[in-house]
Amino acid sequence: MKSRPFVFINAAMSADGKISTYERKQIRISSDADMKRVDELRASADAIMVGIGTVLADNPGLTVKSGEKNPTRIVVDSMARTPVDAEVITRKGGPTIIAVSKSALHERVEALREKAEVITAGDKRVSLPELLGELKSRGVNRLMVEGGATLNWGLISEGLVDEIYVYIGNMIIGGESAPTLVDGTGFVDPMKLELLSVEQMDESILVKWRIR
Ligand SMILES: NC(=O)c1ccc[n+]([C@@H]2O[C@H](COP(=O)([O-])OP(=O)(O)OC[C@H]3O[C@@H](n4cnc5c(N)ncnc54)[C@H](OP(=O)(O)O)[C@@H]3O)[C@@H](O)[C@H]2O)c1
């Protein structure tokens with residue numbers, strides 16, 4: 001048995017591969033039908049994970065409307081920068097876990113610990129393999145990752161992702177500094193994907209891939 005959960009990334013991007021604008025502000029790419037699909041997908045997961053960049057940019061609450069149980073919410077945040085009044089902490093929903101590194105300031109960690117659970121993994125940056133192992137041991141078998149671009153790279157480049165679901169909206173966002181589905185340093189040898197399905201949703205498409 002794998003010592004980590006089944007991990008899938010779900011994201012919405014423009015036809016040119018951007019997941020938000022160059023201002024890094026959240027932009028509505030998904031249709032209503034896709035929002036409903038994402039909500040159901042969240043409800044099917046034991047936990048939802050985002051990077052601190054997404055929390056600071058979008059302030060998501062990460063709750064579900066469908067389903068009876070809210071999944072656990074996890075923020076990957078090496079330096080414990082998550083604001084204590086962030087929606088991911090204050091909005092009524094599943095339990096919140098802030099994953100920090102050993103380099104996070106003690107005071108910041110303690111302030112977060114009053115409001116959420118804190119897991120320490122890694123020295124300077126959160127060690128994603130260690131964190132996923134810890135989550136698995138706590139009963140997280142199905143982990144949904146909702147970005148952003150840097151966390152997606154961190155997980156993919158470490159071989160920690162099983163499937164990727166991408167809603168490709170009928171729009172162009174442009175901008176060389178706008179975040180894409182996967183940022184980071186990039187591969188010299190591209191990672192190969194196996195196509196699972198393609199579905200048209202109005203004038204957009206939903207593509208599902210498996211990482212080989
Ligand atoms: N369209 C969509 O589906 C969608 C979904 C989500 C987000 N977004 C957009 O994506 C943008 C945010 O993306 P982002 O790339 O700036 O931030 P991000 O991926 O949400 O968070 C990245 C941060 O996570 C932390 N981190 C800790 N350990 C890490 C590790 N091992 N590997 C990778 N990251 C690690 C790092 O900060 P520390 O070192 O300080 O911890 C890193 O800077 C926003 O514009 C948001 O609107 C779009």
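In this report, we go over the structure that sits alongside the text.

Scoring rules and cut-offs
Residues numbered from 1 in each chain as written. Predicted model: local features only at pLDDT ≥ 70, side-chain atom pairs only at ≥ 80, totals over all residues. Helix = DSSP H or I, 4+ residues; strand = E, 2+ residues; numbered from the N terminus. Rg over C-alpha atoms; globule rule 2.2 N^0.38 Å. Buried ≥ 20, exposed ≤ 12 C-beta atoms within 10 Å, placed from the backbone. Contact = placed C-beta atoms within 7 Å. Pairing = 2+ DSSP bridges. Axes fitted to C-alpha atoms, helices over the stretch in contact; angles between N-to-C directions. Near = placed C-beta within 6 Å. Nonpolar A, V, L, I, M, F, W, Y, C, P; charged D, E, K, R; others polar. Core = buried A, V, L, I, M, F, W, Y, C linked by C-beta atoms within 7 Å.

A short note on the overall build of the chain
- Scanning the chain from terminus to terminus reveals 6 helices and 9 strands.
- Compactness check: the chain gives a C-alpha radius of gyration of 17 Å against a globular reference of 17 Å for 212 residues, within 12% of the reference.
- With respect to the three principal axes, the spread of C-alpha positions in the chain is 50 × 40 × 40 Å.
- Put simply, the chain has 212 residues, and 37% of those count as buried.
- When contacts within the chain are restricted to residue pairs at least 6 apart in sequence, long-range pairs at least 24 apart make up 69% of them.

Quick look at the sheet that holds strand S5 (residues 117–120)
- Strands sit in the order S5-S4-S3-S2-S6-S1-S7-S9-S8 across an open sheet of 9 strands; the sheet is mixed. At either end of the open sheet lies a strand with only one pairing partner, and these are S5 and strand S8 (193–201). Looking at each pair of strands side by side, their axes are set apart by 20° on average, direction ignored.
- Where strand S7 (residues 163–169) meets strand S9 (residues 204–211), 6 bridges bridge the pair, whose relative direction is antiparallel. Each bridged residue has a counterpart across the sheet, and for Ile-164 the counterpart in S9 is Trp-209.

Considerations on the site of the ligand
- Close contacts around the ligand come from 31 residues, with Gly-51, Gly-53, Gly-147, Gly-148 and Gly-154 the closest.
- If you list the elements that add at least two residues to the shell around the ligand, you get strand S1 (6–14), strand S2 (47–51), helix H2 (52–58) and helix H6 (149–157).
- No other element matches H2, which puts 5 residues into the shell around the ligand.
- Across the shell around the ligand, the residue classes tally to 14 nonpolar, 10 polar and 7 charged.

What to know about the pairing of S7
- Relative to S7, S1 is paired through 7 bridges, and the arrangement is parallel. Bridging across to S7, Ala-12 finds its partner in Tyr-167.

Description of the nonpolar core
- Counting 50 residues, the largest nonpolar core has Val-75, Ala-99, Leu-143 and Val-145 as its most contacted members.
- Ranked by residue count, the leading element in this core is S1, at 6 residues.
- Those residues in contact with Leu-143 that sit more than four places away from it in its chain are Pro-5, Phe-6, Val-7, Ala-45, Asp-46, Ala-47, Met-49 and Leu-135.

Quick look at unusual backbone geometry
- For the peptide bond that leads from Gly-147 to Gly-148, omega is 0°, which places it in the cis range.
- If you trace the backbone, Gly-148 turns up in the loop between strand S6 (142–145) and H6.
- The backbone of Leu-62 shows a phi angle near 55°, a positive value even though the residue is not glycine.
- Even without a glycine there, the phi angle at Ala-80 is positive, about 55°.
- With respect to the secondary-structure elements, Ala-80 resides in the loop between strand S3 (72–76) and helix H3 (87–90).

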